[in-house]
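Inside the fold
Listed below are the residues making up each chain.
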Number of protein chains: 2
Amino acid sequence: MTESRAFVESFALAPTASGELDGLRFAVKDLIDIGGHKTSCGNFSWRDTHPAAASNAVCVDQLLSSGAQFVGKTVTDELAFSLLGENHFYGTPLNPKAPDRVPGGSSSGSASAVACGLADFALGTDTGGSVRVPASNCGIFGIRPTHGIVSVAGVNPLAPTFDTVGILAKDAEVLAKAAAVLLACRVPERLEVDRVHLLHDAFVISDVETTDALVPLTDALRELFPGRVVSTSLQEMVGDYGGEPFQEWYETYCTLQWAEIRSCLGSWIEDANPDLGPRTRMNFELTRNLDRREIAPAHQRREELSERMNSFLGPGALLCMPTAPAVAPLKGSLGIDRRKCRYHSRALSLTSVAGIARLPQVSVPSAHVSRAPVGMSLLAGRGMDGFLLAAVRFLAAEKAVLASQR
Amino acid sequence: MTESRAFVESFALAPTASGELDGLRFAVKDLIDIGGHKTSCGNFSWRDTHPAAASNAVCVDQLLSSGAQFVGKTVTDELAFSLLGENHFYGTPLNPKAPDRVPGGSSSGSASAVACGLADFALGTDTGGSVRVPASNCGIFGIRPTHGIVSVAGVNPLAPTFDTVGILAKDAEVLAKAAAVLLACRVPERLEVDRVHLLHDAFVISDVETTDALVPLTDALRELFPGRVVSTSLQEMVGDYGGEPFQEWYETYCTLQWAEIRSCLGSWIEDANPDLGPRTRMNFELTRNLDRREIAPAHQRREELSERMNSFLGPGALLCMPTAPAVAPLKGSLGIDRRKCRYHSRALSLTSVAGIARLPQVSVPSAHVSRAPVGMSLLAGRGMDGFLLAAVRFLAAEKAVLASQR
């Protein structure tokens, strides 16, 4: 447990009732309240300027009363504002599948705890990829649910129109069980898939090694859903917005995310003058320098893109793309300015599709590149979380995806 | 302006750009950040234990950059946790249409400012009716949008799965214009209504005077949409849940709202030991005493009800019901225990439909009872905000609803 560096505090909380999650152990990102304990949000100044939580976050109580046992609070990137998993104060949780590489963030400790076998599943949060990217990096399963379904009461906000509570899990069965409770959804036994869209532009912007490594999975999809797998471009889905593919999505996402982060956390930063890591300090500078007249047009673009994408995806459609554009970066290899980092802008381009269109997305462990895991993602229409989880469970049962046992 | 008691602070902020809202003045509930100013959330202890806002809430910047002029911060009920509009610290904003009655809350000052003609529209928040009920009481228009569309960044949370930012407006035209910006939606010129459901159970639980007063409006609907207006019960919409009509909705709403409020505000209350008004103190006691094992089953019921209601309402359907079960209560007439207050439980029963099912709802000024205004509400399917606003604009143009001029 110490070796994993996944935990901020480890202690047990017994289930408050018996239920569907009997016998399962879960960990919780230290951005989500556990009653009687401080929520540090990955930053010492935050921890020292806020009181202990009076009660558990709503999502934690849902799990405890369904039979699951809490085992500890896990490391998060500072204020959840990173995709890397390198915390200036709390260190870098172990990626056991690739110890020289980052676990991914911001739900770094939750991914590490599950990948190390210290929990069966863990709660994370996902604003711009913070569950999906660490799931991909650590070779486990991770869901970002449809926005707004899971309560964020007792979860520190970052950018509310994108913030979600998600789950990292060791296998598809545990993922479906935990998600059924957390999302209060049914995961149907019978699966009817009309169409699987391989998102052409997403494969193009990813590293060729990643794209190549995912060929066996796309081949398996063609075998499992004969005649229903097609390659589709963003332009076919939502029309032509000019510029490079993803440019509209990425820029719209950044504008809205930065605007919301400034509104949610700016007052504390100005008032408390907190000690921030160098990367976090630079990130917050970006949010402060945004021209806020860009917010209204970005909102307009968001709603247009969201409406078109959701109209395109019928109830039986899946969308498939690499979760991240590359294998996890080597530890300490990336600079501190996210705008100059091609890994970062490509990762956010991919993750912004679910973010902007409010879609559910599951990353499944799918292949290896340089002996490190890479994940493939399946997405479905807004509110189709149960259908998506059934599809993931089906792929796992058919051995189309990798098992994520240690 | 002083006479209205609607404002906490009145000062002007010029538009940051020109746009669709040129020439319109708006006020903002003091639960929503204005940069450089304290957000009191209607409570002196809150004001004194929190720093000034570093920037405007995202929703405020959307309006400023679309040409609207800010005119002031308006009184809110303490921490937005009331439907009455009687603030122990800031007093009761004037209901100019019925000065001996409450304006309704928690967006009391926003409703008062608009009804008094001091703003063309105002931002409020609506968790369990806090825009809709004051709109009804003050004889103006008010929208609660589909949950999750408008950013709550910079808006103090109460119960996040129900929290929305809404608009109070003097007429249907201003409402549609301001909402088109805030929700980033199109309000179509052409209106196609398939069906108008008069929610039978909602008319039954309302005061007979209110129901009778609304007959001319339902008659007008029958004339405007011949053969398409039907009386429908909750049971026909979502099936039989046993118990009284609305019981399932009301209880599910209360459980989830109290759980979320405790998770959002409990830590501050325990830590800061704030000075609270007697009604607010009792409300927070309720949230503290909730058995949190009730959360998970309440979430399950919520998703079931929400899914069934949204399946029932097609894209062209409207749902129609009284906004509140009665005319605004006389000032000082209600006790402090909400559980013993029939007005309160009936009001929340009505408002919980949109809350639980995440539907947009507009209250339109429709009639008078005891010379005080009562509103009728129209609701539509989730995400059908543009359609709903077009329907309201159509009814106003046809003079089926009352004008809300002073």
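Residues numbered from 1 in each chain as written. Chains lettered and ligands numbered in written order. Predicted model: local features only at pLDDT ≥ 70, side-chain atom pairs only at ≥ 80, totals over all residues. Heavy atoms only, no water.

1. Some points on the side chain of B:Thr164
Residues and elements named next belong to chain B. This is how it is decided: Helix numbering and strand numbering both begin at the N terminus, where a helix is a DSSP run of H or I of at least 4 residues and a strand a DSSP run of E of at least 2. For the purposes of these results, a polar contact is taken to be a pair of N or O atoms within 3.5 Å, where, inside protein, one atom must be able to donate a hydrogen and its partner to accept one; residues adjacent in sequence count only when each atom of the pair is a side-chain atom. Contacts are assigned to residue pairs with any non-hydrogen atoms lying within 4.5 Å of each other.
Summarising the element assignment, Thr-164 is placed in strand S6 (residues 164–169). A polar atom in the side chain of Thr-164 sits 2.7 Å from the backbone oxygen of Asp-126. Look past the residues within four positions of Thr-164 in its chain and what remains in contact with it is Gly-124, Thr-125, Asp-126, Arg-144, Pro-145 and His-147.

2. Remarks on the relation of the copies chain A and chain B
For clarity, the threshold we go by: Least-squares superposition aligns the copies on the C-alpha atoms of those residues with pLDDT at or above 70 in both.
Here chain A sits on chain B after a turn of 180° about the axis and a move of 0.0 Å along it, with an RMSD of 0.0 Å. Taken together, the rotation angle and the small translation identify this as a two-fold axis. Residues of chain A ranked by C-alpha distance from the rotation axis are headed by A:Gly148, positioned 3.2 Å from it. When the interface residues of chain A are mapped onto chain B, 100% of them again lie at the interface, so the same face is used by both copies.

3. Things to note about the interface of chain A and chain B
For clarity, the threshold we go by: Two parts placed together each lose some accessible area; with a 1.4 Å probe, that loss summed over both constitutes the buried area. Any carboxyl oxygen of Asp or Glu within 4 Å of a side-chain nitrogen of Lys or Arg constitutes a salt bridge here.
Contacts between the two partners involve 44 residues from chain A, matched on the other side by 44 residues from chain B. The contact between chain A and chain B buries some 3,300 Å² in all, and 58% of this surface belongs to carbon and sulfur atoms. At the surface where chain A touches chain B, the tally comes to two salt bridges. For B:Arg292, the salt bridge goes to A:Asp61, with nearest N and O atoms at 2.5 Å. Across the chain A-chain B interface, the total number found is ten residue pairs in polar contact (both at pLDDT 80 or more).

4. Side note on helix H8 (residues 215–224) of chain B
All names here are of chain B. Note the cut-off: Each residue is placed in one exposure class: buried if its accessible area under a 1.4 Å probe, protein chains only, is under 20% of its type's maximum, exposed if it is over 50%, and partly exposed if it falls in between. Each C-beta atom gives one direction from the helix axis, and the arc is the one those directions make.
The complete set of buried residues in H8 reads Leu-217, Thr-218, Ala-220 and Leu-221. Angular distribution of buried residues about the axis of H8 spans 155°; they occupy a single face of the element. Those residues of H8 that are exposed and aimed more than 90 degrees away from the buried face are Pro-216 and Glu-223.

5. Quick notes on the packing of helix H10 (residues 247–272) of chain B against helix H11 (residues 278–289) of chain B
All names here are of chain B. So the rule is basically this: All axes are obtained by fitting lines to C-alpha atoms, using only the stretch in contact for helices, and the reported angles, taken between N-to-C directions, cover 0 to 180 degrees. Geometric relationships in this document are graded by angle, where less than 35 degrees denotes roughly parallel, more than 145 denotes roughly antiparallel, 65 to 115 denotes roughly perpendicular, and other angles denote oblique. Handedness of a helix crossing follows the sense of rotation of the near helix relative to the far helix, less than a right angle counterclockwise being left-handed and clockwise being right-handed.
Axis separation between H10 and H11 bottoms out at 9 Å; the angle between their running directions is 110°. As the angle between them shows, H10 and H11 are arranged roughly perpendicular. The two elements H10 and H11 cross, and the hand of that crossing is left-handed. Contacts between H10 and H11 involve Trp-258, Ile-261, Arg-262, Leu-265, Ile-269 and Glu-270 on the former and, on the latter, Phe-284, Leu-286, Thr-287 and Arg-288.

6. Considering the pairing of strand S7 (residues 195–199) of chain A
Residues and elements named next belong to chain A. We count it as follows: Here a strand pair is declared whenever DSSP counts at least two bridges between the two strands.
With four of its five residues buried, S7 lies for the most part within the structure. Pairing between S7 and strand S9 (residues 317–322): four bridges, direction parallel. Counterpart to His-197 in the pairing with S9 is Leu-319. Inspection of the sheet shows S7 paired to strand S8 (residues 229–232) by four bridges, in the parallel sense. Residue pairing across strands places His-197 opposite Val-230, the latter belonging to S8.

7. Examining the sheet that holds strand S7 (residues 195–199) of chain B
All names here are of chain B. Strand order in this open sheet of eleven strands is S1-S3-S2-S4-S6-S5-S10-S11-S9-S7-S8, and the pairing throughout is mixed. Among the strands making up the open sheet, the edge pair consists of strand S1 (7–9) and strand S8 (229–232). On average, each strand axis in the sheet is tilted by 30° relative to the strand beside it, whichever way the strands run.

8. With respect to helix H3 (residues 108–115) of chain A
Residues and elements named next belong to chain A. Burial analysis of H3 places eight of its eight residues in the buried class, which makes it a mostly covered element. Of the residues making up H3, those classed as buried are Ser-108, Gly-109, Ser-110, Ala-111, Ser-112, Ala-113, Val-114 and Ala-115. Contacts from the buried residues of H3 go to strand S1 (7–13), strand S2 (25–29), strand S3 (69–74), strand S4 (121–126), helix H4 (132–138) and strand S6 (164–169). Downstream of H3 by one or two residues, Gly-117 has phi in the positive range, about 80°.

9. A closer look at the environment of A:Met321
Residues and elements named next belong to chain A. By secondary structure assignment, the location of Met-321 is in strand S9. The exposure class of Met-321 is buried, given its relative accessible area of 0%. Once the C-alpha coordinates of Met-321 and Leu-198 are considered, the two residues, 123 residues apart in sequence, prove to be 6.1 Å apart. Setting aside anything within four residues of it in sequence, one finds Met-321 in contact with Leu-199, Ala-202, Phe-203, Leu-350, Val-353, Met-376, Ser-377 and Leu-379.

10. Observations regarding the domain arrangement of chain A
Residues and elements named next belong to chain A. Test applied: These domain boundaries are the output of an automatic or database domain assignment. When residues are grouped by polarity, Ala, Val, Leu, Ile, Met, Phe, Trp, Tyr, Cys and Pro land in nonpolar, Asp, Glu, Lys and Arg in charged, and all others, Gly among them, in polar.
Structurally, chain A comprises domain 1 (7–182) and domain 2 (195–397). Computed over C-alpha atoms, the centres of domain 1 and domain 2 are 20 Å apart. The partner domain 2 presents 60 residues to the 51 residues of domain 1 that form the contact. Both sides together, the interface formed by domain 1 and domain 2 hides about 4,700 Å², and carbon and sulfur atoms give 64% of it. Area buried by domain 1 at its contact with domain 2 is led by Phe-81, Arg-101 and Phe-162, which between them contribute 17% of it. At the surface where domain 1 touches domain 2, the tally comes to two salt bridges. Joining domain 1 to domain 2, the criterion identifies 24 residue pairs in polar contact (both at pLDDT 80 or more). Listing elements by their share of the side of domain 1 that touches domain 2, those giving two or more residues are helix H1 (44–49), H4, strand S5 (141–144) and helix H5 (172–182). It is H4 that provides the largest number of residues to the side of domain 1 that touches domain 2, a total of six residues. Its residues placed into classes, the side of domain 1 that touches domain 2 shows 25 nonpolar, 18 polar and eight charged.

11. As for the sheet that holds S3(A)
All names here are of chain A. Strand order in the open sheet formed by eleven strands is S1-S3-S2-S4-S6-S5-S10-S11-S9-S7-S8, and the pairing between neighbours is mixed. The open sheet has two edge strands, S1 and S8, and neither has a second partner. Across this sheet, the average inter-strand angle for adjacent strands is 25°, counted without regard to direction. Where helix H8 (residues 215–224) meets the sheet, its contacts fall on S7, S8, S9, strand S10 (361–369) and strand S11 (372–380), and the angle it forms with S7 comes to roughly 160°.

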